[in-house]
Amino acid sequence: MNLYVCARAKAIIANNNKETTITNSFDLWQTPTKVTYACLESEDVAAAYISWVRSVSEDEKEPIYAPDDYLCENDPIGYETINCGENHIKELLHWIKEQDGFEIEWSTI
């Protein structure tokens, strides 16, 4: 069972005055079932998920190649430190912020 998050809001369609539900989802990382249920049992599901992401993420050094080294055939000219987990967390927090007026729902799939 994986963790799933979506945001829902009721809306009225302007041209026919009918009510509908708008749903936006965010692609979370695949979580082990045990982690999924622990997150859902937490008072703050987002914080629990973020904590788990940080626990399985680490900094990685990515080589940087010269602009004219299109095929990356020469030695790198430097390295950049990246952390995929921290990037994912930033995207999730940005998505949550954009869902103003929506009800955010956490569940399993």
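Quick look at the structure, then. Only a predicted model underlies this, so the values are computations on that prediction, with no experimental measurement involved.

### Description of the packing of aromatic side chains
Ring pairs (aromatic) are described by centroid distance and by the angle formed between their planes. Applying the stated criterion across every chain yields a total of three aromatic pairs. Between the aromatic rings of phenylalanine 26 and tryptophan 95, the centroid separation amounts to 5.8 Å while the plane-to-plane angle is 40 degrees, which identifies the pairing as tilted. Residue phenylalanine 26 is found in strand S2 (residues 19–26), and its partner tryptophan 95 is found in helix H3 (residues 84–98); the two are separated by 69 residues along the sequence. Ring geometry for tyrosine 49 and tryptophan 106: centres 6.4 Å apart, planes at 45 degrees, overall tilted.

### Overview of the nonpolar core
One finds Leu3, Leu28, Tyr49, Leu92 and Trp106 to be the most contacted residues of the largest nonpolar core, which totals 17 residues. Mapped by element, the contributors of at least two residues to this core are strand S1 (3–12), helix H1 (33–41), helix H2 (45–55) and H3. Considering each element in turn, this core owes the most residues, six residues, to H2. Sequence-distant contacts of leucine 28, defined by excluding residues within four places in its chain, comprise Leu3, Tyr4, Val5, Tyr49, His88, Leu92 and Trp106.

### Let's talk about the pattern of salt bridges
Under the defined criterion, the tally for this structure stands at three salt bridges. Here lysine 10 and glutamate 19 are joined by a salt bridge, their closest N and O atoms 4.0 Å apart. Residue lysine 10 is classed as exposed on the basis of its relative accessible area, which comes to 61%. Given the relative accessible area of 56%, glutamate 19 is considered exposed. A salt bridge links arginine 54 to glutamate 86, with the shortest nitrogen-to-oxygen separation between them at 2.7 Å. Pair noted here: arginine 54 is in helix H2 and glutamate 86 is in helix H3, with a separation of 32 residues, a long-range link. Take arginine 54: its relative accessible area is 45%, and that puts it in the partly exposed class.

### Some thoughts on H1
What H1 keeps buried is the set Val35, Thr36 and Cys39. One side of H1 holds all its buried residues, which, seen down the axis, span an arc of 105 degrees. Across H1 from its buried face, at more than 90 degrees, point the exposed residues Lys34 and Glu41. In this structure, the buried residues of H1 make contact with S1, H2 and strand S5 (103–108).

Basis of the calculations
For every chain, the first residue of the written sequence is number 1, and numbering continues from 1 along that sequence. This being a predicted model, a pLDDT of at least 70 is required before a residue's local features are given, and a value of 80 or more before pairs of side-chain atoms are given or counted; all residues contribute to the totals for chains, interfaces and linings. Excluding hydrogens and water, the side-chain figures rest on all heavy atoms present in the structure. The rule is short: rings of Phe, Tyr and Trp, with Trp giving its six-membered ring, pair when the centres are within 6.5 Å, and they are stacked under 30 degrees, edge-to-face over 60, tilted in between. Only DSSP runs of H or I reaching four residues or more are called helices, and only runs of E reaching two or more are called strands; each is numbered from the N terminus. Joining through side-chain atoms within 4.5 Å is the link that ties buried Ala, Val, Leu, Ile, Met, Phe, Trp, Tyr and Cys residues into a set, and such a set is a nonpolar core. Exposure is judged per residue with a 1.4 Å probe applied to protein chains only, and the accessible area is read against the type maximum: over 50% gives exposed, under 20% gives buried, and values in between give partly exposed. It only takes one pair of heavy atoms within 4.5 Å for two residues to be counted as in contact. The rule for a salt bridge is simple: a side-chain nitrogen of Lys or Arg has to be within 4 Å of a carboxyl oxygen of Asp or Glu. The arc in question is the one spanned by the directions pointing from the helix axis to the C-beta atoms.

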